[in-house]
Amino acid sequence: MKHIPHVSLITIIEIVAILVGALSGFIEARRKRMDLVGVFTVAFITAFGGGTLRDILLDKRPLFWVQHQEYAILIFVLALIASPLIRTLRQIVSERVIVVADAVGLGLFAVAGVSQAQQANMPVFIASMMGVITGIFGGVLRDIVCNEVPMVFRDGKPYAICAFIGCWMYIVLQKTSVSDDFALWSSAMVITVLRLLTWKFDMRLGRP
Amino acid sequence: MKHIPHVSLITIIEIVAILVGALSGFIEARRKRMDLVGVFTVAFITAFGGGTLRDILLDKRPLFWVQHQEYAILIFVLALIASPLIRTLRQIVSERVIVVADAVGLGLFAVAGVSQAQQANMPVFIASMMGVITGIFGGVLRDIVCNEVPMVFRDGKPYAICAFIGCWMYIVLQKTSVSDDFALWSSAMVITVLRLLTWKFDMRLGRP
Amino acid sequence: MKHIPHVSLITIIEIVAILVGALSGFIEARRKRMDLVGVFTVAFITAFGGGTLRDILLDKRPLFWVQHQEYAILIFVLALIASPLIRTLRQIVSERVIVVADAVGLGLFAVAGVSQAQQANMPVFIASMMGVITGIFGGVLRDIVCNEVPMVFRDGKPYAICAFIGCWMYIVLQKTSVSDDFALWSSAMVITVLRLLTWKFDMRLGRP
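Residues numbered from 1 in each chain as written. Chains lettered and ligands numbered in written order. Predicted model: local features only at pLDDT ≥ 70, side-chain atom pairs only at ≥ 80, totals over all residues. Heavy atoms only, no water.

As stated in UniProt under Sequence similarities (unreviewed entry), the record for chain A gives "Belongs to the UPF0126 family." The UniProt entry for chain A carries this comment under Subcellular location (unreviewed entry): "Cell membrane". (UniProt positions renumbered as here; feature names shortened; annotations may be inferred.)

(A) How the structure looks around the interface of chain A and chain C. Taken residue by residue, the interface counts 31 residues in chain A and 29 residues in chain C. Along the contact surface separating chain A from chain C lie one salt bridge. In this structure, R61(A) and D59(C) form a salt bridge, with 4.0 Å as the shortest nitrogen-oxygen distance. Inspection of the region where chain A meets chain C yields six residue pairs in polar contact (both at pLDDT 80 or more). Looking at the side of chain A that touches chain C, the elements with two or more residues in it are α2 (36-58), α3 (64-67), α4 (69-80), α5 (82-92) and α7 (124-145) of chain A. (Contact = heavy atoms within 4.5 Å. Salt bridge = Lys/Arg side-chain N within 4 Å of Asp/Glu carboxyl O. Polar contact = N/O pair within 3.5 Å; in protein donor to acceptor, adjacent residues only side chain to side chain. Helix = DSSP H or I, 4+ residues; strand = E, 2+ residues; numbered from the N terminus.)

(B) Quick peek at the interface of chain B and chain C. Listed per partner, the contact involves 29 residues of chain B and 31 residues of chain C. Summing both sides of the interface, chain B and chain C together bury roughly 2400 Å²; the carbon and sulfur share of this comes to 72%. Applying the counting rule to chain B against chain C returns one salt bridge. For the side of chain B that touches chain C, the element with the highest residue contribution is helix α7 (residues 124-145) of chain B, accounting for eight residues. Residue composition of the side of chain B that touches chain C, grouped by class: 21 nonpolar, two polar and six charged. (Buried area = accessible area lost by both parts, 1.4 Å probe. Nonpolar A, V, L, I, M, F, W, Y, C, P; charged D, E, K, R; others polar.)

(C) Looking closely at the packing of aromatic side chains. For the coordinates displayed, the defined rule picks out 36 aromatic pairs over all chains. Their ring planes at 65° and their centres at 5.6 Å tell us that F76(A) and F125(C) sit as a pair that is edge-to-face. With F76(A) in helix α4 and F125(C) in helix α7 (residues 124-145), the pair connects residues from two separate chains. Under the relative-accessibility criterion, F125(C) is labelled buried at 6%. Pairing F48(C) with F64(C) gives two aromatic rings, centres 6.2 Å apart and planes at 45°, and the pair type is tilted. Of this pair, F48(C) sits in helix α2 (residues 36-58) while F64(C) sits in helix α3 (residues 64-67), placing them 16 residues apart in sequence. Each member of the aromatic cluster is reached from another via a ring pair, and the members are F40(A), F44(A), F48(A), F64(A), W65(A), Y71(A), F76(A), F125(C), F164(C) and W168(C). (Phe/Tyr/Trp six-rings, centres within 6.5 Å; stacked < 30°, edge-to-face > 60°. Buried < 20%, exposed > 50% of the residue type's maximum accessible area, 1.4 Å probe, protein only.)

(D) Up close: the relation of the copies chain A and chain C. At an RMSD of 0.0 Å, chain A and chain C line up after a rotation of 120° and a shift of 0.0 Å along the axis. This pairing of chains is accounted for by a three-fold axis. Relative to the rotation axis, the closest C-alpha in chain A is found at N147(A), a distance of 3.7 Å. Of the residues that chain A buries at the interface, just 13% are likewise interface residues in chain C, meaning the two copies contact each other through different surfaces. (Least-squares fit on C-alpha atoms with pLDDT ≥ 70 in both.)

(E) Summary view of the relation of the copies chain B and chain C. Once chain B is rotated about the relating axis by 120° and shifted along it by 0.0 Å, it coincides with chain C to within an RMSD of 0.0 Å. A low fraction, 14%, of the interface residues of chain B reappear at the interface in chain C, so the copies pair through non-equivalent surfaces.

(F) View of the pattern of salt bridges. All names here are of chain A. On inspection of all chains with the given rule, the structure shows 24 salt bridges over all chains. Between E148 and R31 there is a salt bridge, with its nearest N and O atoms 3.8 Å apart. Remark: R31 occurs in helix α1 (residues 7-31) and E148 occurs in the loop between α7 and α8 (159-175); sequence separation between them is 117 residues. Its relative accessible area of 22% is what places E148 among the partly exposed residues.

(G) Region of interest: the packing of α2(C) against helix α6 (residues 95-119) of chain C. All names here are of chain C. Their axes nearest at 11 Å, the elements α2 and α6 cross at an angle of 10°. On the basis of their axis angle, the class for α2 and α6 is roughly parallel. Where α2 abuts α6, its residues R54, D55 and L58 lie against A112, G113, Q116 and A117. Of the residues belonging to the contact of α2 with α6, the class tally is three nonpolar, two polar and two charged. (Axes fitted to C-alpha atoms, helices over the stretch in contact; angles between N-to-C directions. Parallel < 35°, antiparallel > 145°, perpendicular 65-115°, else oblique.)

(H) Structural detail: the side chain of R195(B). All names here are of chain B. By the secondary structure assignment, R195 is in helix α9 (residues 180-200). Buried and unpaired, R195 has no salt bridge, with D102 as the nearest side chain of opposite charge at 4.4 Å. Beyond its immediate chain neighbours, meaning those up to four positions away, R195 contacts V99, D102, A103, L106, Y159 and C162. (Lys, Arg positive; Asp, Glu negative; His and termini not counted.)

(I) Broad picture of empty space enclosed by the protein. Residues and elements named next belong to chain A. Under the criterion given, the structure shown has four cavities of 30 Å³ or more. Empty space within the largest cavity amounts to approximately 130 Å³. F48, G51, R54, F64 and F109 are, among the 13 residues lining the largest cavity, the residues nearest its centre. Within the residue set of the lining of the largest cavity, elements represented by two or more residues are α2, α3 and α6 (95-119). Top element by residues in the lining of the largest cavity is α2. It accounts for six residues. Partitioning the lining of the largest cavity into residue classes produces eight nonpolar, three polar and two charged. (1 Å grid on protein atoms, 1.4 Å probe; cavity = no way out; pocket = protein on both sides within 12 Å on 5 of 7 lines; lining within 4 Å. Points joined across faces, edges and corners; volume = space filled by probe spheres on them.)

(J) View of the environment of I81(C). Residue and element names in this part refer to chain C. Secondary-structure assignment places I81 in the loop between α4 (69-80) and α5 (82-92). For I81, a relative accessible area of 40% puts it in the partly exposed group. Considering only alpha carbons, one finds I81 and L36, 45 residues apart in sequence, at a separation of 9.4 Å.

(K) Local environment of the nonpolar core. Core analysis: the biggest nonpolar cluster contains 207 residues, and W65(A), I136(A), W65(B), I136(B), W65(C) and I136(C) have the highest contact counts within it. Discounting residues that sit within four places of it in the chain, I136(C) has contacts with V37(A), L106(C), V152(C), F153(C), Y159(C) and A160(C). (Core = buried A, V, L, I, M, F, W, Y, C linked by side-chain atoms within 4.5 Å.)

Shown next, in the form of structure tokens:
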């Protein structure tokens, strides 16, 4: 994520996106009646799995969470209080807030993924795939560890498609004369808005 | 695969092998009632998972499908029409054709895997394992993502064993005075023929 | 493991730890009614999966089992006789012996994992995570391949916690004036003893 400028705003959004990922891991791990070790690991994998897979495929090191161990420590501390945390969040935070935060995270992570793939000289289609992988594979790995068929592969909701469209928008915008900052932020925002619209209207794709 | 000579013939065989891998992913993903995202991802993982795992273990980059994004695009286009595609294939292509194409792919991928492991200076037993991994782990990862115990680990058919035997044949032939071309092609062909014979006679291994 | 001194003793312990990992893979693979290919692969993944994942995350090569192909060959030979092997072991080795050997392996692998992470300049919390990953992810990957929710994430036993405590003891001891040898061996021993005590008294953690 470090390649998106304006560090202070980005840092806040980044933390929110990671927390939303971790929260989704907490919920799934608890649904599977996991213990502390499982709750922490699943939350960690959900929050960082997509970016880690991308970096392994690109052979990029150090990994994001290695450079920022404070995020791992944060998830560790939250895992210790996962149960009251989730209960409290349910009372003060509506599902709508979580969906919005998740959509913001999806946009940022996906566009950051494309950006890093392009810096590693990936061809464009592969770069767009790396963006989508960054955005969705945290949840995919969460579901594999929890012994489920990954939700994003079977619920018919265009979650990954929204990321894919925004990744291509970023790739196209870069070929134009707009600034890289504008390309990044507008593409991330398009992903977020598309995701929220498809959620709002409960859109589904047919099966191919 | 690029280390096997005679590019034009190899390119055709390579495309066929990748398509057969993708097809097996399409079928399994649809059996699990996955959506477009799942169908594409599972097909992609089945086609490229074995070689990707080998390259990660060997720390070899760029990955095959990164250098040849046309294959990823091809699978993407096919995923869009997976349903009519599978229906049409069922009418014009017999199971026999698919088994033959898969056996050809197994031979080529396995021998190419050994070859690349040897270029990376792996010891011989590890090189033979890398060959088998290249040949079978696409299907293994497909089954893990589809939440099944991998078929190749439990059906008792000597699929991986055929690859293992051919990998060792290649390793031994290299120590002799035969040309590397001959070693590659004859070993790949032995794997293909062994696989077809064991399929024809429905051979099973006992459980150890 | 090669960074722990006193090669001859370490080699013996290392072999025992690997064999115990492989044995646990044999048992789980047979419980899933896998064939020879599955039994070998699951045993191999259980024995080497944790260290391999750590090395991929650290981008460290060559992998341990690549440098020591004799261990892969040993597991291969044992897989061929897994059934009589397990039957014989059940007669001559009590469960207690296996738990002790596994606890010794957990201690050694975890502390070796921290040590290697520190040599790769990981920050301390990440280094402690790498130690735990080295100790437990063989079993996690075994369970994923066998299509189970990983045992270590749901049984509530403080297996990973014992490793985590010992990893931190090693990190703290290194900051003091004690020798690195002493830090390594005493931390590994603390993990082993903690694991055996929690097993003896059947301790469980509550769910978070």
